[in-house]
Amino acid sequence: MHIAPKRPFPEWRFLQLTVAIVAWMLLSPHLETRWSGHLAMHVMLLNLILVTMWANPDWRKARFIVGSLWLLGLIASLFSVLDLAPALGRIEKTLDVGFIAPVTAACSVGVLAFAFRAERPTMDGVFAMVVAYLLIAMLFTELYYLTLVWDPQAMHLLKPFEEMKPSELRGELLYFSMVTISTVGYGDVLAVSPTARMLAVIEAVMGQFFVAVLVGMFVGMYASQLFANRRTSSKGQRDVER
């Protein structure tokens with residue numbers, strides 16, 4: 001009889017991914033150079049892609065598509081950092097966001113698919129939902145950034161858009177995105193243009209819906225597991241009595 005060896009840390013993947021994303025969120029606003037900010041983002045995205053593909057082994061075609069988008073995003077970031085064509089700055093930033101946003105969206109879908117497939121609550125499932133929540137905020141961060149690229153007056157920031165470094169700007173937009181998705185709304189950063197305001201509304205609704213679904217899912221899992229345990233226990237007692 002073959003007994004599979006126990007893994008010492010069977011549920012660490014989404015935990016380490018959560019730690020990596022939180023570390024990136026804390027460090028990215030303090031990265032002074034453009035290349036370091038882009039490098040940190042793409043390393044974090046690569047980690048995200050690898051964990052998502054592990055969680056969804058049947059995503060064979062999606063694996064190639066998501067990997068290709070990440071590679072194209074890396075190339076677009078390289079052109080943006082080198083600033084080879086200053087006149088095409090908006091186009092370069094648009095392409096950068098255009099490749100990063102689909103990767104983030106696809107990975108969030110993959111992480112949610114992994115979490116919803118679980119039949120019982122696990123540590124990996126809990127941290128998968130945390131990762132999905134952060135990914136939604138990161139996705140809207142990119143959309144806010146794209147809005148500002150084409151309309152610098154779309155949002156009221158703590159400093160003018162033109163005076164902010166890319167890492168500083170993304171950090172402030174990520175802060176606004178997290179405040180919006182959690183519906184805290186401090187009011188120091190504001191959406192001004194109709195497009196930015198509608199994005200904020202959509203994100204806030206998605207954040208509330210996510211929390212409601214999350215609570216319902218885990219309550220249902222715990223209830224199902226408790227019912228199954230009681231049923232197994234009752235069946236065992238009846239067998240003993242016989």
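Residues numbered from 1 in each chain as written. Predicted model: local features only at pLDDT ≥ 70, side-chain atom pairs only at ≥ 80, totals over all residues. Heavy atoms only, no water.

Chemist: How should the pattern of salt bridges be read in this particular structure?
Modeler: Working definition: two side chains of opposite charge can pair if their charged atoms are close together. One pass over the structure, following the stated rule, counts 3 salt bridges. For the salt bridge of Arg170 with Asp96, the shortest nitrogen-to-oxygen distance reads 3.9 Å. Of this pair, Arg170 sits in helix 6 (residues 166-181) while Asp96 sits in helix 4 (residues 89-117), and the two are 74 residues apart along the sequence. Residue classification places Arg170 among the buried positions, given a relative accessible area of 12%. The partner of Glu168 in a salt bridge is Lys159, and the shortest N-O contact between them spans 3.1 Å. For Glu168, a relative accessible area of 27% corresponds to the partly exposed category. (Salt bridge = Lys/Arg side-chain N within 4 Å of Asp/Glu carboxyl O. Helix = DSSP H or I, 4+ residues; strand = E, 2+ residues; numbered from the N terminus. Buried < 20%, exposed > 50% of the residue type's maximum accessible area, 1.4 Å probe, protein only.)

Chemist: Help me understand a nonpolar patch on the surface in this model?
Modeler: Together, Leu71, Leu72, Leu74, Ile75 and Phe79 line one region of the surface with nonpolar side chains, adding up to about 410 Å² of accessible area. With respect to the element layout, Leu74 can be found in helix 3 (residues 60-82). (Patch = residues over 30% accessible without salt bridge, like charges linked within 9 Å, V, L, I, M, F, W, Y side chains within 5 Å. Areas by Shrake-Rupley, 256 points an atom, 1.4 Å probe, with all protein chains shown as cover.)

Chemist: Help me understand the side chain of Ser193, please; the structure alone is not making it clear to me.
Modeler: Along the chain, Ser193 falls in the loop between strand 2 (190-191) and helix 7 (194-241). At 3.2 Å, the side chain of Ser193 and the backbone nitrogen of Ala196 are in polar contact. Beyond its immediate sequence surroundings of up to four residues, Ser193 is in contact with Thr147, Asp151 and Ala154. (Polar contact = N/O pair within 3.5 Å; in protein donor to acceptor, adjacent residues only side chain to side chain. Contact = heavy atoms within 4.5 Å.)

Chemist: Quick question: what am I supposed to make of the environment of Met217 here?
Modeler: In this structure, Met217 sits in helix 7. Taking relative accessible area as the criterion, Met217 reaches 13% and is therefore assigned buried. When the C-alpha positions of Met217 and Phe116 are compared, they lie 8.0 Å apart, and in sequence the two are 101 residues distant. Aside from chain neighbours lying at most four places away, what touches Met217 is Ala115, Phe116 and Met129.

Chemist: Just to check I follow, could you spell out the confidence of the model for the chain for this structure?
Modeler: Parts of the prediction with low pLDDT should not have their coordinates interpreted in detail. Within the chain, residue pLDDT values average 84, and 85% of them lie at 70 or more. Per-residue pLDDT stays below 50 along residues 1-9; that stretch engages in 1 contact with residues further than four places along the chain or on separate chains. (pLDDT = per-residue confidence, 0-100.)

Chemist: Sorry, what's going on with the environment of Met123 here?
Modeler: The residue Met123 is located in helix 5 (residues 123-150) in this model. A C-alpha to C-alpha distance of 8.3 Å links Met123 and Trp12, two positions 111 residues apart in sequence.

Chemist: What is the right way to look at the environment of Phe210 in this model?
Modeler: By the secondary structure assignment, Phe210 is in helix 7. Accessibility expressed as a relative area gives 8% for Phe210, which makes it buried. Measuring from C-alpha to C-alpha, the distance between Phe210 and Ile181 comes to 9.5 Å, with 29 residues separating the pair along the chain. The residues contacting Phe210, other than those within four sequence positions of it, are Leu112, Met129, Ala132, Tyr133 and Ile136.

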